[in-house]
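Examination of the molecular architecture
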Amino acid sequence: MAVDKSGVWVVDAPRLELSAHGAGDTFAALFLGHYLRRNSPGPALARAMSAQHAIMRASARRGGAELQIIAAQDAFARPKTLFKAKRLR
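Owing to the predicted nature of the structure, the values given are computational and were not obtained by experimental measurement. (Residues numbered from 1 in each chain as written. Predicted model: local features only at pLDDT ≥ 70, side-chain atom pairs only at ≥ 80, totals over all residues. Heavy atoms only, no water.)

1. A few points about the packing of aromatic side chains
- A full pass over the atoms with the stated rule returns two aromatic pairs.
- For the pair F27 and F31, a centre-to-centre distance of 6.5 Å together with 20° between the ring planes defines the contact as stacked. Within this pair, F27 and its partner F31 are both found in helix α1 (residues 23-38), separated by four residues, close to a single helical turn.
- When the centroid spacing of 5.9 Å and the interplanar angle of 20° are considered together, the rings of F31 and Y35 count as stacked. Of this pair, F31 and Y35 both sit in helix α1, separated by four residues, roughly a single helical turn.
- Classification of F31 as partly exposed rests on a relative accessible area of 22%.
- Here Y35 falls in the partly exposed class, since its relative accessible area comes to 26%.
- Among the aromatic side chains, those forming a connected cluster through ring pairs are F27, F31 and Y35. (Phe/Tyr/Trp six-rings, centres within 6.5 Å; stacked < 30°, edge-to-face > 60°. Helix = DSSP H or I, 4+ residues; strand = E, 2+ residues; numbered from the N terminus. Buried < 20%, exposed > 50% of the residue type's maximum accessible area, 1.4 Å probe, protein only.)

As C-alpha cells, this is what we get:
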C-alpha cells in the first residue's frame, strides 16, 4: 500500500511460500527507485511489487532463505509480470 495526498494505492500479488531475510529492505529500495523515476505512488508501487515478486520467485526456485537478487536483476527495471495498482481513494 502507498499513500500520498493524491490517494491510496494497493497492489495484490500471489503469495509465495518463502521466508527470506531482507525482503522488506529490498522492497523499500525498489519502491524508492521507481517513485523517484515516476513521481507517482501507484505506478511505483506496481513496479516495485512486480520486481519484488520476481526476486521472491527466483529465491523460491533455489529453495533457500537468501534472496536471489542477481538471478532476478533484469526484473528491477522491466519485470516480466507487471501487477496493477488499484486506487482505493
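2. Structural notes on a nonpolar patch on the surface
- On the surface, M1, V3 and L88 cluster together into a nonpolar patch covering about 360 Å² of accessible area.
- Structurally, V3 is set in strand β1 (residues 2-4). (Patch = residues over 30% accessible without salt bridge, like charges linked within 9 Å, V, L, I, M, F, W, Y side chains within 5 Å. Areas by Shrake-Rupley, 256 points an atom, 1.4 Å probe, with all protein chains shown as cover. Salt bridge = Lys/Arg side-chain N within 4 Å of Asp/Glu carboxyl O.)

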